[in-house]
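# Commentary on secondary and tertiary structure
The lines below spell out each chain.
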Amino acid sequence: RKHDLQGKFVVGYIGTHGLAHALATLLDAAKALKAAPDGDRFRIILLGDGANKAALRQRAQTEGLDNVIFVDSVSKDQVVRYWSLLDASIIHLKKDALFATVIPSKLFECMSMAIPVLHGVQGESADIVERENVGLLFEPENAEALINALRRLADHPELLARLKANGPLCAQRY
């Protein structure tokens, strides 16, 4: 209720808001969703801090992106409360070969909490998401691809349910 999320499909990025994360892509997606006829049904939460947080917040304010909710860092024991608000989690890194061998640990947190992921990271972690069927892949730094994946989850409750169910089972292997 605090964030007016009732009846919304809520996705979120929880973590560092740094240069490597290219979170401007999420704001690009929010801007396109805001302009869409059905865009009001979506909300994006950004929780955390980092080098780009102030610039992201300023851009969202300047562009009137009231569909993006910024939450400052919270204690580790409070993070789970925010994970529980999400219909899906966004995991995103810049489109760079450097990140092909990176496996963000939040992938396993999401899996264990039955939160499907919208995964914008290439390489080994994308292979895990695809192999374990715990989320949908989208091309990093491609807002349109993120929106397509987001809509696919929101519009197909049976897919969302299947991805949720797979997470905890697969997390045990990691």
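Per chain, residue numbering runs from 1 following the sequence as it is written. This being a predicted model, a pLDDT of at least 70 is required before a residue's local features are given, and a value of 80 or more before pairs of side-chain atoms are given or counted; all residues contribute to the totals for chains, interfaces and linings. Side-chain metrics in this entry use all non-hydrogen atoms of the structure; hydrogen atoms and water are not considered.

### A look at the overall build of the protein
Secondary structure counts use DSSP, requiring at least four H or I residues in a row for a helix and at least two E residues in a row for a strand, with both numbered from the N terminus. Along the backbone of the protein there are seven helices and six strands. N-terminal to C-terminal, the α/β element order of the protein is β-α-β-α-β-α-β-α-β-α-β-α-α. A radius of gyration in this sense is built from C-alpha atoms; the matching globule rule multiplies 2.2 Å by the number of residues raised to 0.38. For the protein, the C-alpha radius of gyration of 15 Å lies close to 16 Å, the compact-globule estimate for 174 residues. For the protein, the C-alpha atoms occupy an extent of roughly 45 × 35 × 35 Å along the three principal directions. Here's how the labels work: a residue is buried when its accessible area is under 20% of the maximum for its type, exposed when over 50%, partly exposed in between, all with a 1.4 Å probe on protein chains only. Across the 174 residues in the protein, those meeting the buried criterion constitute 49%. Working rule for contacts: check all heavy atoms of both residues, and any pair within 4.5 Å makes them a contact. A fraction of 71% describes how many contacts in the protein between residues 6 or more apart in sequence connect residues 24 or more apart. Surface exposure of the protein reaches about 8500 Å², of which carbon and sulfur atoms provide 51%. Placing the 21 positive and 21 negative side-chain charges of the protein at their respective mean positions leaves the two points 4 Å apart. Here the accessible surface of atoms and residues is derived via Shrake-Rupley with a 1.4 Å probe, and residues count as covered only by protein chains that are part of the display. Only four residue types enter the tally: Lys and Arg on the positive side, Asp and Glu on the negative side, with His and both chain ends excluded. Charged groups are reduced to one reference atom each: NZ for lysine, CZ for arginine, CG for aspartic acid, CD for glutamic acid.

### Focus: the environment of Gly15
Structurally, the position occupied by Gly15 is in the loop between strand 1 (9–14) and helix 1 (24–35). Among the residues examined, Gly15 registers a relative accessible area of 23% and is labelled partly exposed. Each C-alpha atom of the pair Gly15 and Asp28 lies 19 Å from the other, and the pair is 13 residues apart in sequence. With residues up to four places along the chain from it excluded, the contact list for Gly15 reads Leu47, Gly48, Asp49 and Lys106.

### Considerations on empty space enclosed by the protein
The way it works is a 1 Å grid over only the protein atoms, where trapped points that fit a 1.4 Å probe form a cavity and open points with protein on both sides within 12 Å along at least five of seven lines form a pocket, and then any residue with an atom within 4 Å of a point lines it. Grid points are joined across faces, edges and corners, and a volume is the space filled by probe spheres set on the points. Enumeration over the complete set of coordinates arrives at one cavity of 30 Å³ or more. Each pocket or cavity is described by its volume, and for the largest cavity that value is around 30 Å³. In terms of lining residues, the largest cavity is bounded by Leu93, Lys94, Lys95, Asp96, Phe99, Ala100, Val121, Gln122 and Pro140. The residue classification treats Ala, Val, Leu, Ile, Met, Phe, Trp, Tyr, Cys and Pro as nonpolar and Asp, Glu, Lys and Arg as charged. All others, Gly included, are polar. The residue inventory of the lining of the largest cavity, partitioned by class, reads five nonpolar, one polar and three charged.

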